[in-house]
Amino acid sequence: MVHRIAFWSCFGLAVRFWQVGIEMRPFFNKGSLWAYPVYAAGGASFGYWLQGVDDRQRAVLDERKRALLEKRARKAQRDAERQGA
C-alpha cells in the first residue's frame with residue numbers, strides 16, 4: 001500500500017516540475033513553494049483511492065474464485081458418484 005501512495009506522490013511532484021518547466025519558471029520560486037505539497041498530496045490521495053479500488057476488486061475476485069472452486073468440486077463429486085454407480 002505504501003509503495004502505491006509513494007509512487008503517486010512522486011508522480012504529483014513530477015507533474016508540478018513538468019508544469020513549471022513548461023512555463024519556463026524557476027523550479028523553487030519562494031512564492032510558489034506551497035504548490036509542491038499540494039501536488040504531492042493530490043497524488044497520494046489518488047494512490048490511496050487506487051489501493052482501495054484494488055483491495056475491493058481483489059476481495060470480489062477471491063470470493064468468485066472460491067465459489068467457482070466449490071462448484072467445480074461439487075461437479076467432480078457428482079461425476080465420481082455417477083461413475084461408481
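Here, the structure is the one placed above.
Residues take numbers from 1 onward in each chain, read along the sequence in its written order. Per-residue local features are limited, in this predicted model, to residues with pLDDT of at least 70; the limit for side-chain atom pairs, both in listing and counting, is 80 or more; totals at the level of whole chains, interfaces and linings are taken over all residues. As a rule here, side-chain values come from all non-hydrogen atoms in the structure, and water together with hydrogens is ignored.

Draft legend 1. Looking closely at a nonpolar patch on the surface. Residues forming no salt bridge and having over 30% relative accessible area are the ones grouped into patches, like charges within 9 Å of each other and nonpolar side chains (Val, Leu, Ile, Met, Phe, Trp, Tyr) within 5 Å. Here the Shrake-Rupley method, with its probe set to 1.4 Å, supplies the accessible areas, and only the displayed protein chains count as covering residues. A side-chain nitrogen of Lys or Arg and a carboxyl oxygen of Asp or Glu constitute a salt bridge if their distance falls within 4 Å. On the surface, F7, F11 and V15 cluster together to form a nonpolar patch covering roughly 270 Å² of accessible area. When you line up the elements, F11 lands in helix α1 (residues 2-22). Burial classes: relative accessible area under 20% of the type maximum marks a residue as buried, over 50% as exposed, and values in between as partly exposed (1.4 Å probe, protein chains only). The exposure class assigned to F11 is partly exposed, which follows from its relative accessible area of 42%. Secondary structure elements are defined from DSSP: runs of H or I of at least 4 residues count as helices, runs of E of at least 2 residues count as strands, and each element is numbered from the N terminus.

Draft legend 2. Looking closely at the environment of E70. In this fold, E70 is placed in helix α2 (residues 35-84). Remark: the alpha-carbon pair of E70 and G43, spanning 27 residues in sequence, is separated by 40 Å. Whenever two N or O atoms come within 3.5 Å, that pair is a polar contact, provided that in protein one can donate a hydrogen and the other can accept it, and provided that, for residues adjacent in sequence, both atoms are side-chain atoms. A distance of 2.4 Å separates polar atoms of two side chains, one belonging to E70 and the other to R66.

Draft legend 3. Spatial organisation of the side chain of Q51. Turning to its location among the elements, Q51 is positioned in helix α2. Since its relative accessible area comes to 9%, Q51 is described here as buried. Contacts are residue-level and defined by heavy atoms, with any inter-residue pair within 4.5 Å sufficient. In contact with Q51, not counting residues within four places along its chain, are M1 and R4.

Draft legend 4. A look at the environment of D62. Tracing the backbone through its elements, the reader meets D62 in helix α2. The exposure class of D62 is partly exposed, given its relative accessible area of 45%. The spacing of D62 and A76 is 14 residues in sequence and 21 Å in space, taken between C-alpha atoms.

Everything listed is a geometric property; what it means functionally is a separate question.
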